[in-house]
Amino acid sequence: MNLFDELKLRGLVHDHTDQTEIQNILGIGGMNLYCGFDPTADSLHIGNLIPITGLMRFQRAGHRPIALIGGGTGMIGDPSGKSEERNLLSAAILEHNLKGIRAQFERFLDFDAGPNSARMMNNGEWLNELRLIDFFRDVGKHFSIGYMMAKESVKSRIADAGISYTEFSYMALQAYDFLHLFEKENCTMQIGGSDQWGNITAGIELIRRVRAKPAYGMTFPLITTSDGRKFGKTEEGNIWLDPKRTSPYRFSQYWIQTDDRDVGRFFRYFTFLPVDEIDEIEKEHLKSPEKRAGQHLLAKELTTLVHGAAAARSAERAAKILFGAQLDGIEKNDLLSAAEEMPKTQQSGIPPFPLIDILLETGLSKSKTMARKELRGGGIYVNNRRVTDEGSALSVDDILFGQYILLRKGKKNYHLLEFER
């Protein structure tokens, strides 16, 4: 199947230049294309997964992807999709963010694939060297004010919070990126989210005016969930691709909470499973949605894609721990993954410790009287094993991996004791 047809079948094509031309060039293979990423943080997030997996799909189809990090444009900020002006980043913060993002891309793209090896570039390398008068003369003259104000990214900002000249110039700078890559890297296509369509077409037009040659563009849809929520956002904020910012367990749980109506759609968007296989998964899932089999498979596929198979397995086992499963056979990483979701107390000394005292110290019980009552009622667990004896004590035998004891009250109130080593 032609790559363009597959992308359409998966619902991944929003806007594009001439369809016949795109189908032809995508069918030939060996095309150089790029997608830009803003270095607004030191990690990408799941909102970036569509363009990331987009570059992966192009590379697997024989094309050469360029991940362009906005080291230059990131110092200005893209007004597209933003209701107000971004805070400007300092050079030090920008460099820190660039390093984090570079490392993440190595998980997704093959930089040693021969003729279609991926490349990572920083537009600061050429934008920071531009001379203002030269830029106005050679690039700015090709952009009329009317043309720029007609773009949705500019119109919406003017109608809302207004737009500074700094951000107004962003479109011309991104268009110059496309021209630069066209000339230096033979890059003939730009992809991105649908909010980038105005910037992409500006670059295509600049290439046409300056070099009298064709270039191409395609955008992916911006994702929302079926219940109208913004994709990738939780009450705590972004779901990051960096495991230090969002643990693999929490990353996995985000997908497990997927609405039944979104399961098939997200499989098509984000995974590399064949579409006919996804159709079968969706069909089976909707027969018994209460089992959440589709969500669990989706979480496994995407946690494996982003964090690796070992992290995906550990996230599964961590979830079982937090749902009360016995701890026989668990690994230390599984326990620590689960522990990221619970309070912790540093414990000094050597057991035994009266369990009632520990329940009071950790705050699981409000008083010794309540602790005794909760023990008698069967609501207290040590390492997910119920304890009912009021005289129980924690012993050395309860310590897991030489350092931890897992406490629980009821179904969901967990607490980790961490012993000094």
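What comes next concerns the included structure. (Residues numbered from 1 in each chain as written. Predicted model: local features only at pLDDT ≥ 70, side-chain atom pairs only at ≥ 80, totals over all residues. Heavy atoms only, no water.)

**Some thoughts on the layout of surface pockets**
It is the rolling of a water-molecule-sized probe over the atoms that shows where space remains empty. Here the second largest pocket defines a volume of roughly 770 Å³. Along its surface, the second largest pocket is lined by 29 residues, and Tyr 249, Arg 250, Gln 253, Gln 257 and Glu 341 are the ones closest to its centre. Counting residues per element, the ones that place at least two in the lining of the second largest pocket are strand E7 (233-234), strand E8 (237-238), helix H12 (248-256) and strand E15 (413-419). Looking at which element gives the most residues to the lining of the second largest pocket, the answer is H12, with four residues. (1 Å grid on protein atoms, 1.4 Å probe; cavity = no way out; pocket = protein on both sides within 12 Å on 5 of 7 lines; lining within 4 Å. Points joined across faces, edges and corners; volume = space filled by probe spheres on them. Helix = DSSP H or I, 4+ residues; strand = E, 2+ residues; numbered from the N terminus.)

**Quick look at the packing of helix H3 (residues 49-60) against helix H13 (residues 263-270)**
Two measures define how a pair of helices packs: the angle their axes make with one another and the distance between the axes. Interhelical geometry of H3 versus H13 gives an angle of 50° and a closest axis separation of 9 Å. Relative to H13, the element H3 lies oblique. For the pair formed by H3 and H13, the contact residues are Leu 49, Ile 50, Thr 53 and Arg 57 on the first element and Arg 268, Tyr 269 and Phe 270 on the second. Its residues placed into classes, the contact of H3 with H13 shows four nonpolar, one polar and two charged. (Axes fitted to C-alpha atoms, helices over the stretch in contact; angles between N-to-C directions. Parallel < 35°, antiparallel > 145°, perpendicular 65-115°, else oblique. Contact = heavy atoms within 4.5 Å. Nonpolar A, V, L, I, M, F, W, Y, C, P; charged D, E, K, R; others polar.)

**Some words on the nonpolar core**
Membership of the largest hydrophobic core comes to 54 residues, with the highest contact counts inside it found for Phe 58, Met 189, Met 218 and Trp 255. Counting residues per element, this core draws most heavily on H3, which supplies six residues. Setting aside residues no more than four positions away along its own chain, Met 189 makes contact with Ile 22, Leu 26, Met 31, Asn 32, Leu 33, Tyr 34, Phe 58, Phe 178, Tyr 216, Gly 217 and Met 218. Listed in part, the 30 residues of the second largest apolar core include Tyr 34, Ala 175, Phe 178 and Ala 215. (Core = buried A, V, L, I, M, F, W, Y, C linked by side-chain atoms within 4.5 Å. Buried < 20%, exposed > 50% of the residue type's maximum accessible area, 1.4 Å probe, protein only.)

**Brief notes about the packing of aromatic side chains**
Under the counting rule described, the total for this entry stands at 16 aromatic pairs. Aromatic pair Phe 231 and Phe 266: ring centres 5.4 Å apart, planes at 70°, arrangement edge-to-face. With Phe 231 in the loop between strand E6 (216-220) and E7 and Phe 266 in helix H13, this pair connects stretches of sequence that are 35 residues apart. Phe 266 carries the same exposure label as Phe 231, and that label is buried. Centre to centre, the rings of Tyr 254 and Trp 255 are 5.5 Å apart; their planes meet at 90°, and the pair counts as edge-to-face. A connected cluster of aromatic rings, assembled from ring pairs, spans Phe 231, Phe 251, Tyr 254, Trp 255, Phe 266, Tyr 269 and Phe 270. Here Arg 60 stacks its cationic end above the ring of Phe 272, 4.0 Å away from the centre of that ring. Over the face of the ring belonging to Trp 240 we find Arg 245, whose NZ or CZ atom lies 4.2 Å from the ring centre. (Phe/Tyr/Trp six-rings, centres within 6.5 Å; stacked < 30°, edge-to-face > 60°. Lys NZ or Arg CZ within 6 Å of the ring centre and 35° of its normal.)

**Regarding the state of the cysteines**
The full count for this structure, using the stated rule, is zero disulfides. With no disulfide of its own, Cys 35 lies 11 Å from the sulfur of Cys 187, the closest cysteine sulfur. Looking at Cys 35, the relative accessible area reads 2%, which means it is buried. We classify Cys 187 as buried; its relative accessible area is 0%. (Disulfide = S-S within 2.5 Å.)

**With respect to the environment of Ile 163**
Within the fold, Ile 163 resides in the loop between helix H8 (152-159) and helix H9 (165-168). Among the residues examined, Ile 163 registers a relative accessible area of 23% and is labelled partly exposed. On a C-alpha basis, the gap between Ile 163 and Phe 231 in space is 26 Å, while along the polypeptide they are 68 residues apart.

**Some points on the pattern of salt bridges**
As enumerated under the stated definition, the model contains 25 salt bridges in all. One salt bridge connects Glu 6 with Arg 10, and the closest N-O pair in it is separated by 3.0 Å. You can call Glu 6 partly exposed: its relative accessible area is 26%. Accessibility expressed as a relative area gives 3% for Arg 10, which makes it buried. Linking Glu 205 and Arg 208 is a salt bridge whose minimum nitrogen-to-oxygen distance equals 2.6 Å. With Glu 205 and Arg 208 both in helix H11 (residues 197-211), this residue pair falls three residues apart, about one helical turn. When its relative accessible area of 44% is taken as the criterion, Arg 208 is described as partly exposed. Three or more residues are tied together by salt bridges with common partners; here these are Arg 131, Asp 134, Arg 137 and Asp 138. (Salt bridge = Lys/Arg side-chain N within 4 Å of Asp/Glu carboxyl O.)

**Comments concerning H11**
Relative to the 21 Å expected for 15 residues at 1.5 Å per residue, H11 spans 21 Å between its end C-alpha atoms, a close match to the ideal helical length. Along H11, the residues that are buried comprise Gly 198, Asn 199, Ile 200, Thr 201, Ala 202, Gly 203, Ile 204, Leu 206 and Ile 207. In this structure, the buried side of H11 is in contact with helix H7 (145-149), helix H10 (170-185), strand E5 (187-193) and E6. Positive backbone phi, at 55°, marks Ala 212, one or two positions downstream of H11. (Expected span 1.5 Å × (residues − 1).)

**A closer look at the pairing of strand E3 (residues 64-69)**
Of all six residues in E3, six are buried; the element is thus mostly enclosed. Because side chains alternate across E3, one face comprises the buried residues Arg 64, Ile 66 and Leu 68, and the other comprises Pro 65, Ala 67 and Ile 69, equally buried. Two elements, strand E2 (residues 32-37) and E3, share six bridges in a ladder whose sense is parallel. Across the sheet, the residue bridging to Cys 35 is Ala 67, located in E3. Viewed along the sheet, the connection from E2 through H3 into E3 turns out right-handed. Bridge analysis of E3 against strand E4 (residues 119-122) gives four bridges, and the strand direction is parallel. Paired with Leu 68 across the strands is Met 121, a residue of E4. (Pairing = 2+ DSSP bridges. Right-handed = clockwise from strand over helix to strand, strands pointing away.)

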